[in-house]
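# Fold and contact review
Read off the chains here:
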Amino acid sequence: MSSPAHRAASPPYVVVGAGFTGLLAARRLAQAGHAVVVLDAADRVGGQVHTGIVGGRPIDLGSEATHLMYPQVGALIDELGLRESMVLARPGTSWLWTPRGLRPLPEGVGPAGPTRLRPVLRSRVMSLPGLVRAGLEPVVAGRGRLPAAGEDDMAVGDFVASRFGRQVADRLVDPLLGSLHSGDVRRLSLRACAPSLVPAATSGASLLRASRARSRAGARPGPAVSFVAWPQGLVALTDALLAGLGGLAPGAVEVRLQHRVTALTPSPDGYRLTATGPEGPVHLSAAGVLLAVPAARAAELLRPVVPAAAAGFAQTPAASVATVVLGLPPAPVRRVPAMRANGLLVPSTEGSLLKASTFLSNKWAHLEDTGVFWLRMSAGRYFDERLAALDDDALVDHLRRDLRRFTGLDVHPDVVAVRRWPSAMPQLLVGHSARVAAARAALAAALPGVGVAGASYDGVGLASCITSATLIAAEVAAGGGRLGAPDPERTR
Ligand SMILES: Cc1cc2nc3c(=O)[nH]c(=O)nc-3n(C[C@H](O)[C@H](O)[C@H](O)COP(=O)(O)OP(=O)(O)OC[C@H]3O[C@@H](n4cnc5c(N)ncnc54)[C@H](O)[C@@H]3O)c2cc1C
């Protein structure tokens, strides 16, 4: 381990990308006693965590909430001192659009399918033959297992369909998991997108039987509502990540915005980065580098130095998505029965541009204003080209038409905000985890002390990014400390 004097003399660690992952990684490196410089191409920190001011109100236009079912989320909230100020989502129905119209999302259904059949039965989301097929899961569970060892993977939609029938995949998993990833459940990886199902997939154990055994043993399902947000928006999280870590000294973080990193090369004391800043090109030395950028950007930076790693990362495409927030007059909204819920999910089979809507003023107490009903709509899926062809006005009109079709709501908005997210949602396609592991191995062999972290590699969502940032920051720190002059042969 290096002494404080040695660390002060060493170049800083550089984190490329000041999104949620990059900020947390910078915090972890600083906590380990390193000086850290964070570079981001944008003019603000946060990346896909972006609280905008809409109609005078802070409203999230990117990530909108996180979930306490993940232990690392609760731990980070405590570390940042944000538990007192957090707001829990109100309990309430979320609608699911089905061929039979709106149905309440059954209890016990997660992104990867049902854990209990009774609520699915009661919700009437499924047809009778669909329900009968779903009930056969314990009988068919042992068929078509995924090999435990090795790199075999399958589509999460195909796994669920093989267990519960195609209707469960189409009516429940597609609008939940598919919508969350803005992707196609017939192509998204089981290992990368639903890792909790992998043990059952490899062992052939029945998911329904396991759930019944848990209930018999007296295990209660966790609290139904554990989505959390903050009144000032999710910017609370990104602000708190950097609080108290300012200045350029051991254990401190310096953030430089509007610095797009264009090159990364090995150098005798570690690495050299080139960035384009507001005043022209900037060069920086780094003891180690953590790339907290989307896979396509990491591939661009690594292509000249580690083409094998770049080729692996380049195989994670991304979907463009958009968020539209409407401020509506509350009285006419409240007269529409379907609007007495927390939101709506629409399966891709419906062909609508609208994939989900959150009725913000119902879901969050802090967004229940007397004069405005806040509503958020999400659009964009990997296989859908329509978003790019619509300008903002056409997009808003289109989404409002979709919402009217599903809920009957036809109210003119007083406030409209549109935020587009080009190539933002990584598509963790079948084989993703093995491809990323191989690319990481090639990177570690060629450039010790350089790592990639974030949603493109370790999973979409803030909870996955917490794990990714923490693990990779530790790896980068370990590799960076061991640097000698990199072997030029190994970077080919
Ligand atoms: C609309 C939307 C809604 C979402 N809702 C939720 C939700 O409710 N809950 C949830 O948990 N997750 C949600 N997510 C997903 C979650 O926000 C992301 O998985 C997470 O924020 C990704 O963080 P990241 O730091 O890995 O990447 P990013 O946030 O994409 O950050 C990458 C950063 O790298 C910078 N960058 C890129 N290239 C360069 C370069 N060459 N040089 C310098 N900087 C560069 C970018 O400017 C950016 O700031 C949502 C995502 C979107 C788009």
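Computed from a prediction, not measured in an experiment: that's the story for all the values here. (Residues numbered from 1 in each chain as written. Predicted model: local features only at pLDDT ≥ 70, side-chain atom pairs only at ≥ 80, totals over all residues.)

## Describing the site of the ligand
As a matter of local geometry, the ligand sits amid 36 residues, with G17, G19, T21, G47 and G454 nearest to it. Only α2 (20-31), β13 (260-267), β17 (318-328), β21 (415-426) and α21 (462-481) provide two or more residues apiece to the shell around the ligand. The class makeup of the residues in the shell around the ligand is 20 nonpolar, twelve polar and four charged. Of the residues that make up the shell around the ligand, three or more belong to each of domain 1 (4-48 + 235-316 + 429-491) and domain 3 (318-426). (Near = placed C-beta within 6 Å. Helix = DSSP H or I, 4+ residues; strand = E, 2+ residues; numbered from the N terminus. Nonpolar A, V, L, I, M, F, W, Y, C, P; charged D, E, K, R; others polar. Domains from an automatic or database assignment.)

## A closer look at the packing of α2 against helix α12 (residues 235-242)
The N-to-C vectors of α2 and α12 enclose an angle of 25°; their axes lie 9 Å apart at closest approach. The angle between the axes of α2 and α12 places the two elements in the roughly parallel class. The interaxial crossing formed by α2 with α12 has left-handed handedness. Only T238, L241 and L242 of α12 make contact with α2, whose side of the interface consists of F20, L23, L24 and R27. In terms of residue class, the contact of α2 with α12 is built from five nonpolar, one polar and one charged. (Axes fitted to C-alpha atoms, helices over the stretch in contact; angles between N-to-C directions. Parallel < 35°, antiparallel > 145°, perpendicular 65-115°, else oblique. Left-handed = near helix turned anticlockwise from the far one by under 90°. Contact = placed C-beta atoms within 7 Å.)

## Focus: the nonpolar core
In this structure, V15, A25, V36, V156, V289, L290 and L302 are the most contacted members of the largest nonpolar core, which totals 139 residues. Those residues within four positions of V15 in sequence are excluded, and the remaining contacts are G22, A25, A26, V36, V38, L290 and A292. (Core = buried A, V, L, I, M, F, W, Y, C linked by C-beta atoms within 7 Å. Buried ≥ 20, exposed ≤ 12 C-beta atoms within 10 Å, placed from the backbone.)

## Side note on the environment of V198
Its location among the elements puts V198 in helix α10 (residues 198-203). Sequence spacing of V198 and A18 is 180 residues, and the spatial spacing of their C-alpha atoms is 32 Å. Each residue touching V198, except ones within four places of it in the same chain, is listed here: L190 and R191.

## A closer look at the environment of G92
Considering the arrangement of structural elements, one finds G92 in the loop between β6 (87-88) and β7 (94-98). Looking at G92, the number of C-beta atoms within 10 Å reads 15, which means it is partly exposed. Expressed as a C-alpha distance, the spacing of G92 and P12, which sit 80 residues apart in the sequence, is 48 Å. Dropping the residues within four chain positions of it, G92 is found in contact with A341, N342, N362 and K363.

## Describing the pairing of strand β8 (residues 101-104)
Relative to β8, β7 runs antiparallel, the two being bridged by four bridges. Looking across to β8, one finds that W97 is bridged to L102. What sits between β7 and β8 in their antiparallel hairpin is a turn of two residues. (Pairing = 2+ DSSP bridges.)

## A short note on the sheet that holds β17
Read across the sheet, seven strands follow the order β8-β7-β18-β19-β20-β17-β21 without closing on themselves; strand pairing throughout is mixed. In this open sheet, the two edge strands, each paired with only one partner strand, are β8 and β21. Put simply, the sheet's adjacent strands are angled 25° from each other on average, direction ignored. Across four bridges, the pairing between strand β19 (residues 354-358) and strand β20 (residues 373-379) is antiparallel. Across the sheet, the residue bridging to S357 is M377, located in β20. Sheet strands in contact with helix α8 (residues 166-181) are β7, β18 (343-345), β19 and β21, and its direction is about 105° off that of β18.

## Examining the domain arrangement of the protein
Along its sequence, the protein is organised into domain 1 (4-48 + 235-316 + 429-491), domain 2 (106-216) and domain 3 (318-426). The C-alpha-based centres of domain 2 and domain 3 are spaced at 28 Å. With eleven residues of domain 2 in contact, the opposing surface of domain 3 contributes 14 residues. Among the residues forming the side of domain 2 that touches domain 3, the class breakdown is two nonpolar, five polar and four charged.

## With respect to the sheet that holds strand β11 (residues 227-229)
On the basis of which strands lie adjacent, the open sheet formed by three strands has the order β5-β11-β6 and antiparallel pairing. The open sheet has two edge strands, β5 (66-67) and β6, and neither has a second partner. Judged from the two bridges that link them, β6 and β11 form a sheet pairing that is antiparallel. Across the sheet, the residue bridging to V87 is A229, located in β11.

## Quick look at helix α18 (residues 392-407)
The end-to-end C-alpha distance of α18, which contains 16 residues, comes to 22 Å, matching closely the 22 Å that a straight helix rising 1.5 Å per residue would cover. Buried within α18 are the following residues: L395, L399, R400, D402, L403 and T407. Taken end-on, α18 shows its buried residues confined to a sector of 160°, consistent with a single buried face. Residues of α18 that are exposed and point over 90 degrees away from its buried face: D393, A394 and D397. Looking one or two places after α18, you find G408, whose phi comes out positive at around 85°. (Expected span 1.5 Å × (residues − 1). Arc of directions from axis to C-beta.)

## Concerning the environment of I472
Among the secondary structure elements, I472 is positioned in helix α21. What makes I472 buried here is the crowd of 23 C-beta atoms within 10 Å. For the pair I472 and H67, spaced 405 residues apart in the sequence, the C-alpha separation amounts to 22 Å. If we ignore the near neighbours within four places in the chain, the residues touching I472 are A25, L290, G451, V452 and A453.

## A word on the pairing of strand β4 (residues 57-60)
Taken together, the four bridges between strand β3 (residues 51-54) and β4 define a ladder with antiparallel strand orientation. Opposite I53, over in β4, you have P58 as the bridge partner. From the end of β3 to the start of β4, which pair antiparallel, there are two residues, and G55 there has a positive phi angle of about 55°.

## What about the packing of helix α7 (residues 156-164) against α8?
Relative to each other, α7 and α8 sit at 140°, their axes nearing to 8 Å. When the axes of α7 and α8 are compared, the crossing they make is right-handed. From α7, V156, G157, V160, A161 and F164 reach across to α8, where they touch R166, V168, A169, V173, D174 and L177. Partitioning the contact of α7 with α8 into residue classes produces eight nonpolar, one polar and two charged.

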